[in-house]
Amino acid sequence: MRFSLRQLEYFIAAGETGSITLASEMIHISQPSISTAISHLERELNVQLFIRHHAQGLSLTPVGRALLSEAKRVVGQAESLYTVAADTIGTVRGTLSLGCMVTLAPMLVPELSNGFVAAFPETTIRHVEGNQEDLLRGLRRSEVDVALTYDLQVPDDIAFVPLVSLPPHIVVAETHPLAQQSAVTLEELAEQPLVLLDLPLSREYFLALFMAAGVVPTIAARSAYPDVVRAMVANGAGYALFNVRPRSDHSLDGRKLVSIRLAGEHRPMTIGVATLASLAKSKLIEAFQAHCEARISRAYIPGMIAPVMTDRPRVES
């Protein structure tokens, strides 16, 4: 084999950024070194990896896309040697690929990641955000080592360690007619416009709440982005259902939202740590799971208000 792992790393950086300049900035390597590495790989493999666009960066050729996927796999396997070696001497080091549910990531990931790396300086964390289907697929393909997500249709091949349950609640604009109520039922919401968080499995969860109550919601709008849903609600488009309770009391456009207790008994969503059941946990994964278990509970959740509902309306974003 007449190419190196380092050259593969340079190729991956260029392939992911679509630019020699951006790749150089991302991995702190000179542009000529990256260009030379790519040219060497193309000569060695006898393929064209990129189409060069004058002043507009690079785009992968079909074979380049296929080789990028394989290069990531090879580099990932090489990095795992450090983890295996660390396990044998009982140290925690290496790169952890952390997946997180997109609705949870802005609140959980920054504090958990920074705290973990501070506690274990020989570790780094690579973040991957996605919906539930994305995360399960990533675990199965070994693209994600561990995922912070919900107990949404978790299959038997995924190990799930529950951490904290979040009950559903209603979010409305502070000017909404329901904003002063201490609680509201799904029946009362039937004729109100719903802005639905339209993520795979998440939407099925919310719609199942209505189905269990024998209520047909009036869906006025949908979005796969939680911040878009909150902003639409804040601007008077209707109400939304959420489980997460961010500490911020504003949507991104600066308008306030009020959370209201959802009356009745409803299935909560439980945050937990998911891993592939068939794989033995490395010291790195075990340490991160213990880190999450120590920092996520009913008393405290990074970035969120604790899941204790009262009879008073609460400001929510």
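Under an unreviewed UniProt entry, the name given to the chain is LysR family transcriptional regulator, and the organism recorded is Bosea vestrisii. Within the UniProt record for the chain, the comment given under Sequence similarities (unreviewed entry) is "Belongs to the LysR transcriptional regulatory family."

Structural notes on the overall build of the chain
A count of helical and extended segments in the chain gives 10 helices and 14 strands. Based on the C-alpha atoms only, the size of the chain along its principal axes is roughly 70 × 50 × 35 Å. Here the chain holds 317 residues, and 45% of them are scored as buried. Contacts in the chain between residues at least 24 apart in sequence constitute 73% of all its contacts with a sequence separation of at least 6.

Quick word on the side chain of Gln-132
Considering the arrangement of structural elements, one finds Gln-132 in helix H6 (residues 132-140). Contact partners of Gln-132, with chain neighbours within four places excluded, come to Met-101, Thr-149, Tyr-150, Leu-152, Val-154, Pro-200 and Leu-201.

Structural notes on the sheet that holds strand S13 (residues 269-276)
One open sheet holds the 5 strands; their spatial order is S4-S3-S5-S13-S6, and the pairing between them is mixed. With one partner strand each, in any of the chains shown, strand S4 (123-130) and strand S6 (158-166) form the two edges of the open sheet. This sheet shows a mean twist of 20° between the axes of neighbouring strands, independent of strand direction. Pairing geometry for S6 and S13, over 8 bridges, is antiparallel. The partner of Val-164 across the bridge, within S13, is Ile-271. Taken strand by strand, helix H5 (residues 105-119) contacts strand S3 (94-101), S4, strand S5 (146-150) and S13, and its axis lies near 170° from that of S4.

Calculation criteria
- For every chain, the first residue of its written sequence is number 1, and the numbers climb from 1 along that sequence.
- Predicted model: local features are reported for residues with pLDDT of at least 70 only, side-chain atom pairs are reported and counted for 80 or more only, and whole-chain, interface and lining totals are derived from all residues.
- Side-chain metrics rest on all non-hydrogen atoms present in the structure, leaving aside hydrogens and water.
- UniProt positions are given in the numbering used here, feature names are shortened, and annotations may be inferred rather than shown by experiment.
- To qualify as a helix, a DSSP run of H or I must reach at least 4 residues; to qualify as a strand, a run of E must reach at least 2; elements of each kind are numbered from the N terminus.
- In this scheme, a residue with accessible area under 20% of its type's maximum is buried, one over 50% is exposed, and one in between is partly exposed, where area comes from a 1.4 Å probe on protein chains only.
- It only takes one pair of heavy atoms within 4.5 Å for two residues to be counted as in contact.
- The rule for pairing is simple: two strands pair if DSSP sees at least two bridges between them.
- In this analysis, axes come from line fits to C-alpha atoms, helices being fitted only over the stretch in contact, and the angle between any two N-to-C directions falls in the range 0 to 180 degrees.

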